[in-house]
Amino acid sequence: MVRALPDRPDAVVIGAGPSGLAIARQLEHQHAITTHVIDKAEAPAVSWRNRYDEFRLNTTGFLSHLPGQRIPVSAGRWPTKEDMVRYFDDYVRRQNITLRLGCE
């Protein structure tokens, strides 16, 4: 199978929130579709970065992970905002998701 050049993806996902990251990961890993995720924000999962400091995930971390990567046990049962921001940043890196941020 011939892969597209990195600057010419097979698909573009609009939005670097949790859903966009999960879809990009699944397209690449399950279907070998080269994908770029674009967002106007300057970082992935920006809605999590803007939450109040004491915010915690409303469901347990064990049930709330994205495909292919669990939320670390070190985040505890109810991960904090900072735990989730670290998780999403690590998810992008470990799942090799190509981001194009700051796009209008």
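Preceding this section is the structure that the text describes.
Here is a short report on the structure shown in this document. (Residues numbered from 1 in each chain as written. Predicted model: local features only at pLDDT ≥ 70, side-chain atom pairs only at ≥ 80, totals over all residues. Heavy atoms only, no water.)

Quick notes on the nonpolar core
The biggest cluster of nonpolar side chains holds 20 residues, and the ones touching the most others in it are Leu 21, Trp 48, Leu 66, Met 84, Tyr 87, Phe 88 and Ile 97. At the level of elements, helix H1 (18-31) and helix H3 (81-94) are the ones that each hand at least two residues to this core. No other element matches the six residues that H3 contributes to this core. (Core = buried A, V, L, I, M, F, W, Y, C linked by side-chain atoms within 4.5 Å. Buried < 20%, exposed > 50% of the residue type's maximum accessible area, 1.4 Å probe, protein only. Helix = DSSP H or I, 4+ residues; strand = E, 2+ residues; numbered from the N terminus.)

So, the side chain of Gln 95
In this structure, Gln 95 sits in the loop between H3 and strand S3 (98-101). Within the structure, Gln 95 has its side chain in polar contact with the side chain of Arg 25 (distance 3.0 Å). In this structure Gln 95 touches Arg 25, His 29, Gly 68 and Gln 69, once residues within four positions along its chain are discounted. (Polar contact = N/O pair within 3.5 Å; in protein donor to acceptor, adjacent residues only side chain to side chain. Contact = heavy atoms within 4.5 Å.)

Considerations on the pairing of strand S2 (residues 35-39)
Across the five residues of S2, four count as buried, placing the element largely inside the fold. Two strands pair when backbone bridges link them, and strand S1 (residues 11-14) and S2 are joined in this way by four bridges, in the parallel orientation. Bridging from a neighbouring strand, Val 13 pairs with Val 37 of S2. Each parallel crossover has a hand, and for S1 linked through H1 to S2 it is right-handed. Direction of pairing for S2 relative to S3: parallel, over a ladder of four bridges. Paired with Asp 39 across the bridge in S3 is Leu 101. (Pairing = 2+ DSSP bridges. Right-handed = clockwise from strand over helix to strand, strands pointing away.)

Overview of the packing of aromatic side chains
When we look at a pair of aromatic rings, we describe it by the centre distance and by the angle of the planes. In total, this model carries five aromatic pairs according to the counting rule given. Between the aromatic rings of Tyr 52 and Phe 55, the centroid separation amounts to 5.5 Å while the plane-to-plane angle is 85 degrees, which identifies the pairing as edge-to-face. On the basis of relative accessibility, which here comes to 13%, the residue Phe 55 falls in the buried class. For the ring pair Tyr 87 and Tyr 91, a centre distance of 6.0 Å and an interplane angle of 45 degrees mean the geometry is tilted. (Phe/Tyr/Trp six-rings, centres within 6.5 Å; stacked < 30°, edge-to-face > 60°.)

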